[in-house]
Protein chains: 4
Amino acid sequence: MQSKECGEKRLYFNSDYLAGCHERILQSLIETNLIKAPGYGTDEFTLAAKKKILNACELEEGDVYFLVGGTQTNDTVISTFLRSYEGVISADTGHIATHEAGIIEVHGHKVLTIPHKEGKIYPAQIREYMVHFHADGNNAHMVQPRLVYLSQPTEFGTLYSLQELKDIREICNAYSLSLYVDGARLAYALACPENDVRLPDLAKLCDAFYIGGTKCGALFGEAVVIPEKRNFPFFPTTIKQHGALLAKGKALGVQFDALFTDNLYLQIGKHAIELADKIRSALRKKGIPLAVSSPTNQIFILLKKDEAERIGKAVELTHWDDPDDEHSILRICTSWSTEEEDVEKLLAIL
Amino acid sequence: MQSKECGEKRLYFNSDYLAGCHERILQSLIETNLIKAPGYGTDEFTLAAKKKILNACELEEGDVYFLVGGTQTNDTVISTFLRSYEGVISADTGHIATHEAGIIEVHGHKVLTIPHKEGKIYPAQIREYMVHFHADGNNAHMVQPRLVYLSQPTEFGTLYSLQELKDIREICNAYSLSLYVDGARLAYALACPENDVRLPDLAKLCDAFYIGGTKCGALFGEAVVIPEKRNFPFFPTTIKQHGALLAKGKALGVQFDALFTDNLYLQIGKHAIELADKIRSALRKKGIPLAVSSPTNQIFILLKKDEAERIGKAVELTHWDDPDDEHSILRICTSWSTEEEDVEKLLAIL
Amino acid sequence: MQSKECGEKRLYFNSDYLAGCHERILQSLIETNLIKAPGYGTDEFTLAAKKKILNACELEEGDVYFLVGGTQTNDTVISTFLRSYEGVISADTGHIATHEAGIIEVHGHKVLTIPHKEGKIYPAQIREYMVHFHADGNNAHMVQPRLVYLSQPTEFGTLYSLQELKDIREICNAYSLSLYVDGARLAYALACPENDVRLPDLAKLCDAFYIGGTKCGALFGEAVVIPEKRNFPFFPTTIKQHGALLAKGKALGVQFDALFTDNLYLQIGKHAIELADKIRSALRKKGIPLAVSSPTNQIFILLKKDEAERIGKAVELTHWDDPDDEHSILRICTSWSTEEEDVEKLLAIL
Amino acid sequence: MQSKECGEKRLYFNSDYLAGCHERILQSLIETNLIKAPGYGTDEFTLAAKKKILNACELEEGDVYFLVGGTQTNDTVISTFLRSYEGVISADTGHIATHEAGIIEVHGHKVLTIPHKEGKIYPAQIREYMVHFHADGNNAHMVQPRLVYLSQPTEFGTLYSLQELKDIREICNAYSLSLYVDGARLAYALACPENDVRLPDLAKLCDAFYIGGTKCGALFGEAVVIPEKRNFPFFPTTIKQHGALLAKGKALGVQFDALFTDNLYLQIGKHAIELADKIRSALRKKGIPLAVSSPTNQIFILLKKDEAERIGKAVELTHWDDPDDEHSILRICTSWSTEEEDVEKLLAIL
């Protein structure tokens, strides 16, 4: 394989899951590789990782489960919350509403969308949705809203504030809705100076949330945090039924054990945010407008089409959208694996 | 973590997926770790691995997809073959019929079971099933059989012969059935002296089959081989929809590239079979009866209950079944990671 | 249409739902035809019918819902009991396991079959199934049994005794199983001298059961009796979601109001049983063996193949099965619409 | 039951399925009631009705199936068109997107909504949707659009013109989409002077459509017209699997036979449209504004809230929506069962 050289030739800022895993995680996988352990998450590495995460969340009770990827995690958790006649409220740009190939529907549930603002849905919108639903005399013929899905950070890199989450929780309580937060990129929220939502806040306000590994330094893996065990009976069976139970569960335990040792998870986030801030600062100086006010590791730049094309030849970015016939929005991602040197090269190109 | 010591204390023969991955796979993962690659299986490692597998199967056309685990692979492939009114024929002991938590049903399909004989269903049984189905005047109100699911080796370690597979293929042709083989432990069939079914035979006789990685030396991963591409339109979307699309697909490509370099896959099988044969030979000498005539890496021993209990305290085996009130069947598994020294210890205990 | 004459030419004993509806039901439909009523079962005819059925079941609380057909009723009720990881225990000859085209699976659930004896499963079998399930160390990877499905009478016309139902209820209590009885032909059980299970017994012992209309004198319709309302939250939404909510619900209410006025439901059953007994008595005299010891409106006769063929030309019967190469089992059904004169003709042919 | 008087007390204009069935249909049901016929749509009444409908559609080949209700019909047909990774395009006000309790999702499919204009989606919108979908580099992770769902008339009583349907068909051809039309109220379109889409046009332009019975004079029943049989293999099994196969199929055949004898279906539509036009004309004179430009049997009037409340006490109308805090939109429906005398009373109240 000559691909190593080939892979190093270009600049990659198109996503936050391009490389393998953080060196400390790799080191743990190497060290534990030959240890024989029982399967399906019953090994002691998994138990140790669970404890560390519960501690980080300031949960004395509660449970943690490790799954392989984000789509299967969203699906498995959401299916657990909902009966067949119930649906999940989401921003129309929510990952479950767009890029999970209909996995929520394939398991029988409707995604009830609310128009987003930079990827977020606001408490007032959710309240209005519920008021309108209950005012509809025909709502027995409609899917019953029973869960709110948020992502933190959102697919646009924006953040919910603690006050917003508290307000949404209050609405959930008023309307018997559960609250679930997709933290695929949670490290990049937690490490962000603008963020005031910590893990214990999520544990207190959510009925479930997940701490993303795949996009935050792990080779793969997502940690579902469940503050109240009794809401998830037979959850291992559900995980199995959704094809999301890794045989060699140890490989998940080892990775999350490393991520929650010596603050690695936060360090990973911090690295990405610092480089993203550096890029944002340079963009501001260059007068390149940002299409979204994201404070996290995703940066959305608005460019004329020819300029976008030129840059696309020199560096791998994500083509996000064409807001009109003359402009394109490109997405720049930093991650734990972004090197300072590459940032300099990127800025030189921009 | 003190678990390393702890993990090494005991003898483990209870399954073939207790350890991490083969050292050559680990080495490949380490070497490629920091290479940035596009996601979801579009990287060049994956392309290279696909080519090697197509070569090994003597397929010029055809396609290969890598998924994470066996349950999700069975589900994703079977869902692709079937319309909602169609079902899959399986031995009543088939993995899909028993230990996949109903994932086939959750995706809408009925598993149509035929009584097994040591894990196998025979051509005559399948033919009889189809004859009976077509004779039933009420079969428009029944699930239509459309696919035959076999496992090679079976869940009991037994093997289909080439002639049996050819006969089943013929019946499939006669009744418009597709044929799919679950090769979760395929390495242990391919390396078995009794086996006469090679990869090119499977590629010729099946509409799809998978080459198991998780139980055969990989950290995780299964390779679905599709001789005719046109039968699997939009398969990446289907994989995504079943939560089975790994974001960092490179990690799958790298592992299968290693498995299909320098015959590693066969070597892994060979190692396990040699040690299994050694155990079988010793059992014969000791007069411990085998409950199943498995020639592969799974050995099923019939013991009196108190004897089974005594052994269970000294070594980790799988309790398989209690054929009557006085006996138990225990399963011994060897694998790529079984050490000769441990086999000696096991035999000493037995 | 000249079909009336045509339809009258032959003798029909092949099923119990060949004709339209009982004259008293037809009369009610005619009388109420032009009355405008709100839809979906909120009309007063439906309310009146519900009350009459609750009275007949000696239920003070509880609820009754009317659906159109048996397959959709089984599916809708069973889906309400089960979470996706849960399955329903049924005889392998249960209607849901065979002739409902996989509707239970299409809604995500596995039918866990137990071998029948003349259509029945016995308390000891269910207990053994549960004991075995709980002894299986791998049962977290299996569909969890959560409901027992019985039919009364069974698909073979046999009956559960009150004691058997009580024993099954006790097992259900011990293993947290719910109990659901499919009463598609319930009128023919209730009217049977051998039967000791009355409607109030079913209401006391079951978590749900349905009183069949389609096969017992209605044009269509099944009445689901729910002793405990709280087990069926949002049931109208579930009914709608299963395509089982009749827009003109009044048409169901009117029919069941008639069926439960002046004991019509029992009279319908009685008429069919009396004629079936007459046939059975004649068969005994003629020495034609019965293949099943059914005391209800279904009679299964064992004939030599040529004899079966001869009879099949003279009268419409159901070809049930071929127990061996030389014999056939034919099914004779009586119903509310069977005429004494036709029975005489049938007996003359036999 | 004293409900007859009770039912006659009030004026009902709240829906078009309040009464039973048209007298000629009732007469047919009465006359054929005691005729014994094979079940599940294999009787000769059903065959005769199929032929009449194929004639009315000018289809020489093709097939027709009769189902009980609209929701189950939409679900069964749409499920037949779609593989699990495929979705159906619909107006966001389409019945399948709103008031069918998520039955499309429960069968695994996403409803891909486009914003409506008075209940319609326009060819340009569909084209733009498809252009945008194909331009999205990430669309392999999205549900693949494969079917367009329209209703004629729409849920707002508006109509697609023949030219619009032709344009949509052309777009469908360009993007490999199928076209399905929900004709729950088709009689009221066909009888409408503004309408230029006839049954043979639908048969020519659609891959399937249904002719509504429930809302157009039948007691229940919808006729699915399939111009190309080969697109619907095993359709009876699919119907059964969706709980939509009526045991006494004769009752459907008899009704549609009557509807398509001596132009009854058109007469039913004509009666409702004439009365609706009379109401519209009176509203215009009274200066009561219409909220939607519907030319069919549904009329949407915009009223001040107190006025809406006053009228709601005197006559049963459907509360449709509150466009602002001071106004309400009420829906008036006429149907085959609307009496001229009641229209006079309604106009007096308005």
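Residues numbered from 1 in each chain as written. Chains lettered and ligands numbered in written order. Predicted model: local features only at pLDDT ≥ 70, side-chain atom pairs only at ≥ 80, totals over all residues. Heavy atoms only, no water.

Observations concerning the overall build of chain A
Counting its secondary structure elements, chain A contains 15 helices and 12 strands. By the compact-globule yardstick of 20 Å for 350 residues, chain A fits well, its C-alpha radius of gyration being 21 Å. Summarising its shape, the C-alpha atoms of chain A cover approximately 55 × 55 × 35 Å along the three principal directions. Here chain A holds 350 residues, and 67% of them are scored as buried. Contacts in chain A between residues far apart in sequence, at least 24 positions, make up 72% of those at least 6 positions apart. As displayed, chain A offers around 12,800 Å² of accessible surface, 49% of which is attributable to carbon and sulfur atoms. Placing the 37 positive and 48 negative side-chain charges of chain A at their respective mean positions leaves the two points 3 Å apart. (Helix = DSSP H or I, 4+ residues; strand = E, 2+ residues; numbered from the N terminus. Rg over C-alpha atoms; globule rule 2.2 N^0.38 Å. Buried < 20%, exposed > 50% of the residue type's maximum accessible area, 1.4 Å probe, protein only. Contact = heavy atoms within 4.5 Å. Areas by Shrake-Rupley, 256 points an atom, 1.4 Å probe, with all protein chains shown as cover. Lys, Arg positive; Asp, Glu negative; His and termini not counted. Charge placed at Lys NZ, Arg CZ, Asp CG, Glu CD.)

Some details on the relation of the copies chain A and chain B
Superposition of chain A onto chain B requires a rotation of 180 degrees combined with a translation of 0.0 Å along the rotation axis, giving an RMSD of 0.0 Å. In symmetry terms, the pair is related by a two-fold rotation axis. In this assembly, 100% of the residues forming the interface of chain A have copies in chain B that are likewise at the interface, indicating an isologous arrangement. (Least-squares fit on C-alpha atoms with pLDDT ≥ 70 in both.)

Digging into the interface of chain C and chain D
Chain C puts 53 residues into the contact, and the matching count from chain D is 54 residues. Looking at the side of chain C facing chain D, the largest losses of area belong to K36, Q241 and K248 of chain C, adding up to 17% of the total buried there. Where chain C touches chain D, the interface holds two salt bridges. For K36 of chain C, the salt bridge goes to D342 of chain D, with nearest N and O atoms at 3.9 Å. Joining chain C to chain D, the criterion identifies 24 residue pairs in polar contact (both at pLDDT 80 or more). (Buried area = accessible area lost by both parts, 1.4 Å probe. Salt bridge = Lys/Arg side-chain N within 4 Å of Asp/Glu carboxyl O. Polar contact = N/O pair within 3.5 Å; in protein donor to acceptor, adjacent residues only side chain to side chain.)

Quick look at the pattern of salt bridges
For the structure shown, the criterion picks out 64 salt bridges over all chains. Taking the shortest distance from any N to any O, the salt bridge between K110 of chain D and E105 of chain A comes out at 2.7 Å. Of this pair, K110 of chain D sits in the loop between α6 (103-106) and β4 (111-114) while E105 of chain A is found in helix α6 (residues 103-106), placing the two residues in two different chains. Neither residue differs from the other here; K110 of chain D and E105 of chain A are each classed as buried.

Points about the UniProt feature "domain: Aromatic amino acid beta-eliminating lyase/threonine aldolase" (unreviewed entry) in chain A
Mapped onto this structure's residue numbering, the UniProt feature "domain: Aromatic amino acid beta-eliminating lyase/threonine aldolase" (unreviewed entry) falls at residues 39-293 of chain A. The distance from the first to the last C-alpha atom of residues 39-293 of chain A is 44 Å, and the span holds 44% helix and 15% strand. (UniProt positions renumbered as here; feature names shortened; annotations may be inferred.)

Considering helix α3 (residues 44-56) of chain C
Residues and elements named next belong to chain C. If you check α3, its first and last C-alpha atoms are 18 Å apart, about what 13 residues at 1.5 Å a residue would give, namely 18 Å. Among all positions in α3, only F45, T46, A48, A49, K50, I53 and L54 are buried. Sitting at the head of α3, D43 places a side-chain oxygen 3.0 Å from the backbone nitrogen of F45. Phi turns positive one or two residues past the end of α3, at E58, with a value near 55 degrees. (Expected span 1.5 Å × (residues − 1).)

A short note on the relation of the copies chain C and chain D
Once chain C has been moved 0.0 Å along the axis and rotated by 180 degrees, it coincides with chain D to within an RMSD of 0.0 Å. A shared binding surface is used by both copies, with 100% of the interface residues of chain C retained as interface residues in chain D.

Comments concerning the side chain of K120 of chain A
Residue and element names in this part refer to chain A. Within the secondary structure, K120 sits in the loop between β4 (111-114) and α7 (123-135). Here Y122 takes part through its side chain, which lies 3.4 Å from a polar atom of the side chain of K120. Excluding its chain neighbours within four sequence positions, the residues that come into contact with K120 are P115, Q125, T154, T158, L159, Y160 and E164.

Remarks on the nonpolar core
Among the nonpolar cores identified, the biggest contains 141 residues, and I53, F209 and I211 of chain C together with I53, F209 and I211 of chain D are the most heavily contacted of them. Excluding residues within four positions of it along the chain, I211 of chain C makes contact with I53, G183, L186, L199, E222, A223, V225, F256, F260 and Y265 of chain C. Core analysis: the second largest hydrophobic core is formed by 140 residues, I114 and Y188 of chain A together with C172 and A258 of chain B among them. (Core = buried A, V, L, I, M, F, W, Y, C linked by side-chain atoms within 4.5 Å.)

Comments concerning the state of the cysteines
Within this structure, the stated rule accounts for zero disulfides over all chains. This cysteine, C216 of chain D, is not joined by any disulfide, and C333 of chain D carries the nearest cysteine sulfur, 11 Å off. (Disulfide = S-S within 2.5 Å.)

Section: the sheet that holds strand β12 (residues 327-333) of chain D
All names here are of chain D. In space, the three strands of this open sheet follow the order β9-β12-β11, with antiparallel pairing throughout. At either end of the open sheet lies a strand with only one pairing partner, and these are β9 (298-304) and β11 (318-324). Neighbouring strand axes in the sheet, compared pairwise and without regard to direction, differ in orientation by 30 degrees on average. For β11 and β12, the ladder comprises four bridges, and the chain directions are antiparallel. Across the sheet, residue D324 finds its bridge partner in β12, namely H327. (Pairing = 2+ DSSP bridges. Axes fitted to C-alpha atoms, helices over the stretch in contact; angles between N-to-C directions.)

Topic: the packing of helix α2 (residues 23-32) of chain A against helix α12 (residues 250-259) of chain A
Residues and elements named next belong to chain A. Remark: α2 packs on α12, axes separated minimally by 9 Å, with the N-to-C direction vectors making an angle of 135 degrees. Viewed along their axes, α2 and α12 adopt a mutual orientation that is oblique. Both α2 and α12 take part in a crossing whose hand is right-handed. Of the residues in α12, those touching α2 at R24, I25, S28, L29 and T32 are K250, A251, V254, Q255, A258 and L259. (Parallel < 35°, antiparallel > 145°, perpendicular 65-115°, else oblique. Left-handed = near helix turned anticlockwise from the far one by under 90°.)

A look at the interface of chain A and chain B
Each side of the interface is counted separately: chain A has 53 residues, and chain B has 53 residues. Together chain A and chain B conceal approximately 4,900 Å² of surface at their shared face, both sides included; 62% is due to carbon and sulfur atoms. Summed over the three residues of chain A that lose the most area to chain B, namely K36, Q241 and K248 of chain A, the buried surface amounts to 17% of that side. Where chain A packs against chain B, one counts two salt bridges. Our enumeration of links across chain A and chain B arrives at 24 residue pairs in polar contact (both at pLDDT 80 or more). Within the residue set of the side of chain A that touches chain B, elements represented by two or more residues are α1 (3-9), α2, α3 (44-56), α4 (70-81), α6, α11 (235-241) and α12 of chain A. Ranked by residues supplied to the side of chain A that touches chain B, first place goes to α1 of chain A with four residues. Of the residues that constitute the side of chain A that touches chain B, the class distribution is 27 nonpolar, 16 polar and 10 charged. (Nonpolar A, V, L, I, M, F, W, Y, C, P; charged D, E, K, R; others polar.)

Considerations on the domain arrangement of chain A
Reports often express the size of an interface as the amount of accessible area lost when the parts come together. Residues and elements named next belong to chain A. Entries for chain A in the domain assignment read domain 1 (10-19 + 264-349) and domain 2 (23-259). Relative to domain 2, the C-alpha centre of domain 1 lies at a distance of 26 Å. Taken residue by residue, the interface counts 24 residues in domain 1 and 29 residues in domain 2. For the pair domain 1 and domain 2, the summed buried surface comes to about 2,100 Å²; carbon and sulfur atoms form 63% of the total. Of all residues in domain 1, L264, Y265 and P295 give up the largest surface area on contact with domain 2, accounting jointly for 32% of the area buried on that side. Linking domain 1 with domain 2 are one salt bridge. Here R185 and D16 are joined by a salt bridge, their closest N and O atoms 2.6 Å apart. At the boundary of domain 1 and domain 2, one finds seven residue pairs in polar contact (both at pLDDT 80 or more). (Domains from an automatic or database assignment.)

So, the packing of aromatic side chains
Evaluated as defined, the whole model comprises 46 aromatic pairs over all chains. Ring plane angle 25 degrees and centroid distance 5.0 Å describe the contact between F66 of chain D and F256 of chain D, whose orientation is recorded as stacked. Taken together, the residues span a long stretch of sequence, with F66 of chain D in strand β2 (residues 63-67) and F256 of chain D in helix α12 (residues 250-259) at a distance of 190 residues. The pair formed by F66 of chain D and F256 of chain D is uniform in burial state, with each residue classed as buried. One aromatic cluster is present, formed by Y65, F81, F232 and F235 of chain A through successive ring pairs. (Phe/Tyr/Trp six-rings, centres within 6.5 Å; stacked < 30°, edge-to-face > 60°.)

Some details on the sheet that holds strand β8 (residues 222-226) of chain D
Residue and element names in this part refer to chain D. The sheet built from seven strands is open, its strands ordered β2-β8-β7-β6-β5-β3-β4 with mixed pairing. The sheet is open, and its two borders are formed by β2 and β4, each paired with just one other strand. With direction set aside, neighbouring strand axes in the sheet form an average angle of 25 degrees. Strand direction decides the pairing type here: strand β3 (residues 86-91) and β4, joined by four bridges, are parallel. The partner of I89 across the bridge, within β4, is L112. Packing of α12 onto the sheet brings it into contact with β2, β7 (208-212) and β8, and relative to β2 it is tilted by some 115 degrees.

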